[in-house]
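Residue-level structure breakdown
One letter stands for each residue in the lines below.
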Amino acid sequence: MRIDIISVLPELLVSPLDHSIVKRARDKGLLEIHLHDLKDYGKGKHRQVDDYSYGGGAGMVLMVEPIFNCIEKLKMEREYDEVIFTAPDGHVFSQGMANRLSLCKNLIILCGHYKGVDERVREHLITMEISIGDYVLSGGELAAAVITDAVGRLIPGVLNDESSALTDSFQDNLVAPPVFTRPSEFNGWEVPPVLMSGHEKRIEDWRFEKSLERTRIRRPDLME
Ligand code: SAH
């Protein structure tokens with residue numbers, strides 16, 4: 001899979017996408033990430049990419065032309081499954097969306113900044129809009145990093161233990177059960193004995209029971 005991320009601040013994305021499982025995916029050749037500095041497509045010697053908002057009001061707006069030029073250049077080189085825009089009023093990101101996106105071949109993610117992007121970008125160039133939650137970030141870069149991380153770890157072959165993604169929260173509308181590691185007792189706090197019993201079936205049942213219980217208490221909305 002290939003993800004092209006377009007941003008006015010690509011430096012913000014370097015470190016989050018260069019560690020842990022995303023790095024492993026890249027090292028294994030299963031995920032290619034290309035960062036594009038929108039300023040390279042900016043106008044004039046100042047590489048201008050933003051301008052005042054028509055109608056007035058605070059905050060700069062990313063201009064349509066540099067974004068158009070960058071996206072068009074990429075589209076000439078290959079076909080993209082989706083051209084995603086990070087937007088607080090987009091579809092709220094979910095595990096289901098991550099699952100679907102992990103099956104794509106090529107994705108573009110455009111990060112907004114300042115007041116946002118010229119609406120004509122959204123009308124004509126974007127195929128999908130994703131919000132990572134009901135709060136406002138300074139820019140789409142952290143959202144793009146969140147999306148890339150959640151999607152990247154689901155690409156077949158990325159996780160060593162293939163079943164590991166399947167036992168994570170949200171995969172069957174349930175949150176994950178609690179986990180423990182050594183020591184079996186610390187400060188008088190004990191690990192549930194069933195986990196040390198060696199009975200696979202009983203452990204599996206216990207985990208399922210805990211998943212149900214936690215979902216009922218913490219996220220009853222998932223069970224509806
Ligand atoms: N004026 C806009 C917010 C602009 S924030 C509004 O009120 O809707 C600047 C940029 O950060 C946005 O264009 C978007 O790309 C990104 N962003 C902010 N919050 C986000 C969120 N919750 N999810 C995804 N992207 C977000």
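Cut-offs used in this document
- Residues numbered from 1 in each chain as written.
- Predicted model: local features only at pLDDT ≥ 70, side-chain atom pairs only at ≥ 80, totals over all residues.
- Heavy atoms only, no water.
- Phe/Tyr/Trp six-rings, centres within 6.5 Å; stacked < 30°, edge-to-face > 60°.
- Pairing = 2+ DSSP bridges.
- Helix = DSSP H or I, 4+ residues; strand = E, 2+ residues; numbered from the N terminus.
- Right-handed = clockwise from strand over helix to strand, strands pointing away.
- Domains from an automatic or database assignment.
- Core = buried A, V, L, I, M, F, W, Y, C linked by side-chain atoms within 4.5 Å.
- Buried < 20%, exposed > 50% of the residue type's maximum accessible area, 1.4 Å probe, protein only.
- Contact = heavy atoms within 4.5 Å.

A word on the packing of aromatic side chains
In this description, a pair of aromatic rings is defined by centroid distance and the angle of the planes. Scanning all chains against the criterion turns up 1 aromatic pair. Their ring planes at 65 degrees and their centres at 5.6 Å tell us that Phe186 and Trp189 sit as a pair that is edge-to-face.

Some thoughts on the pairing of strand 5 (residues 82–92)
Sheet topology note: the strand 5/strand 6 (residues 106–110) ladder contains 4 bridges and is parallel. From the neighbouring strand, Glu82 faces strand 6, where its bridge partner is Leu107. Following the chain from strand 5 across helix 4 (residues 95–101) to the adjacent parallel strand 6, one finds a crossover that is right-handed. Relative to strand 7 (residues 128–131), strand 5 is paired through 5 bridges, and the arrangement is parallel. Across the sheet, residue Thr86 finds its bridge partner in strand 7, namely Ile130.

Here's the deal with the domain arrangement of the chain
As far as domains go, the chain holds domain 1 (2–152) and domain 2 (167–223). A C-alpha centroid distance of 36 Å is found between domain 1 and domain 2.

A few points about the nonpolar core
Counting 30 residues, the largest nonpolar core has Met1, Ile5, Leu31, Phe93, Leu101 and Ile130 as the members making the most contacts within it. Counting residues per element, the ones that place at least two in this core are strand 1 (2–7), helix 2 (20–27), helix 4, strand 6, strand 7 and helix 6 (141–152). Those residues in contact with Ile130 that lie beyond four places of it in its chain are Ile84, Phe85, Thr86, Ala87, Gly90, His91, Phe93, Met97, Leu101 and Ile147. In this structure, Val49, Leu62, Cys70 and Tyr80 belong to the second largest nonpolar core, which totals 20 residues.

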